[in-house]
Amino acid sequence: MKKLYDKNKKGTIILSHYRSGGTQLKLVITRCLNANDMGELDFDLETTDLKKDFYSKLSEDSYSVTLINNPIVISWINNNKDVLKYLEKNFHIVGVKRKDKVKCLLSLGLWERLIASGLFESYDLWTKENMENFHKSVTEDLLPPKEVGLGYKSIVESSDDTHHSQLHQVVKIYLDELSVLEELCNRFEVDMIHYEDYEFNKEFLVDYFPNICDAKTTIEDTYLGKIPYVSSDYSVYYEDSVRKILKSWGVLND
């Protein structure tokens with residue numbers, strides 16, 4: 001079984017991609033170890049010295065947990081041999097991805113619609129009745145191709161183009177991001193953990209913390225934010241053209 005931490009190193013780095021459960025895994029490791037939560041490592045793209053920016057964000061003295069899921073940072077690491085060596089020497093590295101590509105691509109737009117509805121303000125609002133009403137409202141006003149996002153404002157997503165060509169480019173960029181992530185994890189020789197392994201299975205991660213007496217309760221607490229959408233097939237919330245494009249790419253099956 002793959003380890004999630006190594007106290008002989010400076011910390012754990014989680015290599016992942018947006019909308020893949022990396023944030024929850026970061027919380028699990030941080031809380032079980034009582035470690036420093038360094039959040040997500042992003043770049044200040046206004047600077048010209050990315051290495052200085054990068055190293056300054058990994059300078060904690062005590063054990064820390066950092067999520068690196070920004071595709072720009074992932075590609076940058078993959079292209080810098082000295083950075084690869086630094087990370088391999090100083091950090092325990094874990095890879096996480098989501099098998100369900102459809103949910104990766106479509107969850108952001110649906111989540112933003114939930115926020116707009118006001119239901120995201122409190123878990124108490126996620127009653128069966130409210131979620132059924134939300135389901136009905138979205139299926140009656142389906143999300144267009146423009147609402148399919150990567151989790152960050154890429155050049156494609158920032159354009160004013162609402163044509164189907166934009167969605168084709170978004171899917172292409174997303175698949176490229178997965179390839180770079182997998183290549184980087186292979187270079188570090190780390191095994192991938194799939195989000196689906198622990199997405200609803202509260203017991204899966206417990207065995208990764210054999211010496212932590214309250215690990216089970218700590219891990220269960222990280223499941224409070226799971227949104228109980230009526231349908232687990234997020235494509236039903238999008239216009240038919242979105243489903244057709246995802247099918248044409250082999251992302252969505254019939």
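Structure first, text after, so check above.
Residues numbered from 1 in each chain as written. Predicted model: local features only at pLDDT ≥ 70, side-chain atom pairs only at ≥ 80, totals over all residues. Heavy atoms only, no water.

**Q** Describe the pairing of strand E3 (residues 64-68), and please don't skip the residues or the numbers.
**A** For E3, the buried fraction is high: five of the five residues fall into the buried class. With five bridges joining them, strand E1 (residues 11-15) and E3 adopt parallel strand pairing. When the bridges of E3 are listed, Gly11 appears paired with Ser64. Pairing of strand E2 (residues 36-40) with E3, which is carried by three bridges, proceeds in the parallel orientation. For Asn36, the partnering residue across the bridge sits in E3 and is Ser64. What joins E2 to E3 is helix H2 (residues 50-56), and the crossover it makes is right-handed. (Buried < 20%, exposed > 50% of the residue type's maximum accessible area, 1.4 Å probe, protein only. Helix = DSSP H or I, 4+ residues; strand = E, 2+ residues; numbered from the N terminus. Pairing = 2+ DSSP bridges. Right-handed = clockwise from strand over helix to strand, strands pointing away.)

**Q** Could you give an account of the packing of aromatic side chains, naming the residues involved and the relevant values?
**A** All told, the structure shown has 15 aromatic pairs when counted by the stated rule. Each ring, one from Phe43 and one from Phe54, has its centre 6.5 Å from the other, and the planes form 65°; the classification is edge-to-face. Pair noted here: Phe43 is in the loop between E2 and H2 and Phe54 is in helix H2, with a separation of 11 residues, a long-range link. Accessibility classification places Phe43 together with Phe54 in one group, the buried group. By the ring-pair criterion, three or more aromatic residues cluster together here, those being Phe43, Phe54, Tyr55, Trp76, Tyr86 and Phe91. Sitting above the plane of the Tyr63 ring, Lys7 keeps its charged end 5.8 Å from the centroid. The ring centre of Tyr234 lies 5.2 Å from the NZ or CZ of Lys103, which sits over that ring. (Phe/Tyr/Trp six-rings, centres within 6.5 Å; stacked < 30°, edge-to-face > 60°. Lys NZ or Arg CZ within 6 Å of the ring centre and 35° of its normal.)

**Q** Quick one: what's the story with the packing of helix H4 (residues 81-90) against helix H7 (residues 164-188), residue by residue and with numbers?
**A** At a minimum axis distance of 11 Å, the contact between H4 and H7 shows a crossing angle of 60°. Classified by the angle their axes make, H4 and H7 are oblique. Crossing angle aside, the handedness with which H4 passes H7 is right-handed. Residue-level inspection shows Leu84, Leu87 and Glu88 of H4 in contact with H7, the latter providing Leu184, Arg187 and Phe188. Residues of the contact of H4 with H7, tallied by class, amount to four nonpolar, no polar and two charged. (Axes fitted to C-alpha atoms, helices over the stretch in contact; angles between N-to-C directions. Parallel < 35°, antiparallel > 145°, perpendicular 65-115°, else oblique. Left-handed = near helix turned anticlockwise from the far one by under 90°. Contact = heavy atoms within 4.5 Å. Nonpolar A, V, L, I, M, F, W, Y, C, P; charged D, E, K, R; others polar.)

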